[in-house]
Amino acid sequence: MQTIRVETPSAKYDVVAGSGLIGSLAPRMERVYGKLPRRVFVLTSAPIWGLWGQAFLNSFAAPPIAMFLPPGEEHKTIKNVEALLRQMAQAGGDRGSLLIAFGGGIVGDVGGFAASIFMRGIPYIQVPSTFLAQVDSSVGGKTGVNLPEGKNLVGSFYHPLAVFADIEVLGTLPDRELRAGLMESVKAGIIRDRALVRYMEGHTDEVLGRDPKSLEKVIAASIRMKADVVNRDERESGLRMILNFGHTVGHALEQATQYKLLLHGEAVGWGMVAALFVARERGTISRAQFDRLEDLIHLYGPLPALKLRVPKVVAATSGDKKNVGGVTRFVLPVGIGDAGVVEDVSAAELEAAVEYMLGRAGEKRS
Ligand SMILES: NC(=O)c1ccc[n+]([C@@H]2O[C@H](COP(=O)([O-])OP(=O)(O)OC[C@H]3O[C@@H](n4cnc5c(N)ncnc54)[C@H](O)[C@@H]3O)[C@@H](O)[C@H]2O)c1
Ligand SMILES: [Zn+2]
């Protein structure tokens, strides 16, 4: 079990990662919260609750009030947040209530956002149940929902009181979800942790075989990387932007495929290939490093094949939300374990990178 500390100007809390936390949640929560309040809500979704609800409830003297969000990105809406807020109000929720978000990144983002606005903000705890949620979305305090106009356009910075990431719970996660989530760990290694890159290269079978010790190692290192970046730049005014490595083109691919073909991590996997290509052409990484890192991405694949045209992806890239004033921000690795943000990637560089990536993605991979 490993404990990683988040300490920003607005919040200080522990992220605990280890096997078997699910059976002892209540006492663990009491250690951070004090005696649990009369109204404890748990937001989850029916499939997760069906698999893990019993284990979750085990340690609670009084069961929390369960609320459900249907699985799927299309349910990450203001409308559903309102429905949850009303359920909480009707069940007697007040300022002293506690909310637990038990699920993947969708449940975490929606739960965190609801907690941030119910009665102007009540405490919440994250119990992430997907790999992606454990290494990424549950840490750092970004919450929110989608609008028809775009993803994550509404939300808040609102940190949890604690995060309990149970590796055992990943046992029921579909393989594709695991591999996609692992792309965020590949990202973590490339931008800030050489040792993690080396470990993931050398332990592919153990990690993909869900060996608990290996998973714990990768998860804890990824959380440590994210926590360290968030601690230095909570509001994404500088350093935190490096977490978007692979995401500029990744978001474009998600958008160009109507969020239907690719899981987020898969899009980021292809996006990293494109960004690595730009870095190679600029010489911030060597050809040998490029080959090594592209191989690492495919070790944790297969990434889905793509049938897209270059101009469509390039156009979608220019429309990314993270762009300010029309400038395409790009995170480029510098060697292995370091990265920087540039704003001067030319149309020709971007086209060449997308062309290379689509070439690789057109080969039979999946
Ligand atoms: N707040 C942030 O900083 C941040 C960062 C990255 C991503 N996100 C958000 O996270 C969301 C994606 O999260 P995700 O990848 O966890 O997807 P998800 O929440 O959709 O979960 C993926 C699927 O796995 C199922 N599932 C969850 N846990 C399971 C388990 N233990 N066993 C079996 N099935 C399980 C879910 O029901 C769902 O069908 C997106 O909405 C994205 O915008 C937020
Ligand atoms: Zn991501």
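Details of the structure are given in the entry above.
As the structure is a prediction and not an experimental result, all values here were calculated from the model.

Undergrad: Give me the lowdown on the coordination of the zinc ion (ligand 2), citing residues and values where you can.
TA: For the zinc ion (ligand 2), every protein donor is listed as Glu184 (OE), His247 (NE2) and His264 (NE2), and the spread of their distances is 2.0 to 2.1 Å. Here the donor residues of the zinc ion (ligand 2) are spaced in sequence according to E-x62-H-x16-H. Of the two residues, His247 is situated in helix H10 (residues 247–256) and His264 in helix H11 (residues 264–282); the sequence distance between them amounts to 17 residues. For His247, a relative accessible area of 6% puts it in the buried group.

Undergrad: Go over helix H1 (residues 25–33) with me, naming the residues and quoting the values.
TA: Each full turn of the α-helix corresponds to 3.6 residues, which orients residues three or four apart in the same direction. Residues of H1 that are buried: Leu25, Ala26, Arg28 and Met29. Along the axis of H1, the buried residues cluster in a sector spanning 160°; they form a single face. Elements in contact with the buried residues of H1: helix H2 (46–57), strand E5 (98–103), strand E6 (124–128) and strand E9 (162–166).

Undergrad: So what's going on with the environment of Arg5? Residues and values would help.
TA: Among the secondary structure elements, Arg5 is positioned in strand E1 (residues 2–8). Looking at Arg5, the relative accessible area reads 39%, which means it is partly exposed. With 219 residues separating them along the chain, Arg5 and Arg224 place their C-alpha atoms 8.1 Å apart. Look past the residues within four positions of Arg5 in its chain and what remains in contact with it is Lys12, Tyr13, Asp14, Ala227 and Asn231. Side-chain polar atoms of Arg5 contact the side chain of Asp14, separated by 3.0 Å.

Undergrad: Describe the sheet that holds E1, with residues and values.
TA: Sheet architecture is open: seven strands sit in the order E1-E2-E9-E6-E5-E3-E4, paired in mixed fashion. The sheet is open, and its two borders are formed by E1 and strand E4 (65–68), each paired with just one other strand. Strand-to-strand, the axes of this sheet are offset by a mean angle of 20°, without reference to chain direction. Examined bridge by bridge, E5 and E6 share five bridges and lie parallel to one another. Across the sheet, Ala101 pairs through a bridge with Gln126, a residue of E6. Against the sheet, helix H3 (residues 78–90) engages strand E3 (40–44), E4 and E5, with an angle of about 160° to E4.

Undergrad: Lay out the site of ligand 1 in plain terms, naming residues and giving numbers.
TA: Within the structure, ligand 1 sits among 24 residues, and Lys76, Gly105, Ser129, Thr130 and Thr172 are positioned closest to it. In the environment of ligand 1, an oxygen atom lies 2.7 Å from a nitrogen or oxygen atom belonging to the backbone of Gly105. Protein contact buries 84% of the 870 Å² of open area that ligand 1 shows by itself. Counting only elements with at least two residues in the shell around ligand 1, the list comes to H2, helix H4 (105–117), helix H5 (131–137) and strand E8 (150–157). Here the residues of the shell around ligand 1 sort into eight nonpolar, eight polar and eight charged.

Undergrad: So what's going on with the pattern of salt bridges? Which residues, and what values?
TA: Within the structure shown, the criterion is met by 20 salt bridges. Glu73 is the salt-bridge partner of Lys151, the closest N and O atoms lying 3.8 Å from each other. In this pair, Lys151 sits in strand E8 while Glu73 sits in the loop between E4 and H3, placing the two residues 78 residues apart along the sequence. Look at Lys151 and you get partly exposed, because its relative accessible area is 22%. By relative accessible area, which is 29% here, Glu73 ends up partly exposed. For the salt bridge of Arg176 with Glu266, the shortest nitrogen-to-oxygen distance reads 2.7 Å.

Undergrad: Explain the packing of helix H7 (residues 194–202) against helix H9 (residues 212–232) residue by residue, including any values.
TA: H9 packs onto H7 with a crossing angle of 155° between their chain directions and a minimal axis gap of 11 Å. Taken together, the axes of H7 and H9 are roughly antiparallel relative to one another. Between H7 and H9 lies a crossing of left-handed hand. Residues Leu196, Tyr199 and Met200 of H7 pack against Ser214, Lys217, Val218, Ala221 and Ser222 of H9. Residue composition of the contact of H7 with H9, grouped by class: five nonpolar, two polar and one charged.

Undergrad: How would you sum up the nonpolar core? Please name residues and give values.
TA: With 79 residues, the main nonpolar core has Phe131, Leu182, Ile219, Leu253, Tyr300 and Met357 as its most contacted residues. Considering every element that reaches this core, the biggest residue donor is H11, with 11 residues.

Undergrad: So what's going on with the packing of H10 against helix H13 (residues 310–318)? Residues and values would help.
TA: At a minimum axis separation of 8 Å, H10 and H13 run at an interaxial angle of 115°. As H10 packs across H13, the resulting crossing turns out to be right-handed. Residue-level contacts link Thr248, Val249, Ala252, Leu253, Gln255 and Ala256 of H10 to Lys312, Val313, Ala316 and Thr317 of H13. Classifying every residue of the contact of H10 with H13 by side-chain character gives six nonpolar, three polar and one charged.

Undergrad: How would you summarise the side chain of Ser97 if you had to cite specific residues and measurements?
TA: Relative to the assigned elements, Ser97 resides in the loop between H3 and E5. Of the polar contacts made by the side chain of Ser97, one reaches the backbone nitrogen of Asp94; its length is 2.9 Å. What Ser97 contacts, discounting residues up to four positions off in sequence, is Pro37, Arg39, Phe41, Ile122 and Pro123.

Undergrad: Before we move on, could you go through H2 and cite the residues and values that matter?
TA: Helix length check: H2, at 12 residues, gives a terminal C-alpha distance of 14 Å against a target of 16 Å (1.5 Å per residue), a shortfall beyond 12%. Among all positions in H2, only Ile48, Trp49, Trp52, Gly53 and Phe56 are buried. Down the axis of H2, the buried set is contained in an arc of 155°. They therefore lie on one face. Opposite the buried face of H2, at more than 90 degrees from it, the exposed residues are Gly50, Leu51 and Gln54. In this structure, the buried residues of H2 make contact with H1, E3, E4 and E5.

Reading the values: the criteria
- Residues numbered from 1 in each chain as written.
- Chains lettered and ligands numbered in written order.
- Predicted model: local features only at pLDDT ≥ 70, side-chain atom pairs only at ≥ 80, totals over all residues.
- Heavy atoms only, no water.
- Donors = N, O, S within 2.8 Å, 3.2 Å for Na, K, Ca; no water.
- Helix = DSSP H or I, 4+ residues; strand = E, 2+ residues; numbered from the N terminus.
- Buried < 20%, exposed > 50% of the residue type's maximum accessible area, 1.4 Å probe, protein only.
- Arc of directions from axis to C-beta.
- Contact = heavy atoms within 4.5 Å.
- Polar contact = N/O pair within 3.5 Å; in protein donor to acceptor, adjacent residues only side chain to side chain.
- Pairing = 2+ DSSP bridges.
- Axes fitted to C-alpha atoms, helices over the stretch in contact; angles between N-to-C directions.
- Near = heavy atom within 4 Å.
- Areas by Shrake-Rupley, 256 points an atom, 1.4 Å probe, with all protein chains shown as cover.
- Nonpolar A, V, L, I, M, F, W, Y, C, P; charged D, E, K, R; others polar.
- Salt bridge = Lys/Arg side-chain N within 4 Å of Asp/Glu carboxyl O.
- Parallel < 35°, antiparallel > 145°, perpendicular 65-115°, else oblique.
- Left-handed = near helix turned anticlockwise from the far one by under 90°.
- Core = buried A, V, L, I, M, F, W, Y, C linked by side-chain atoms within 4.5 Å.
- Expected span 1.5 Å × (residues − 1).

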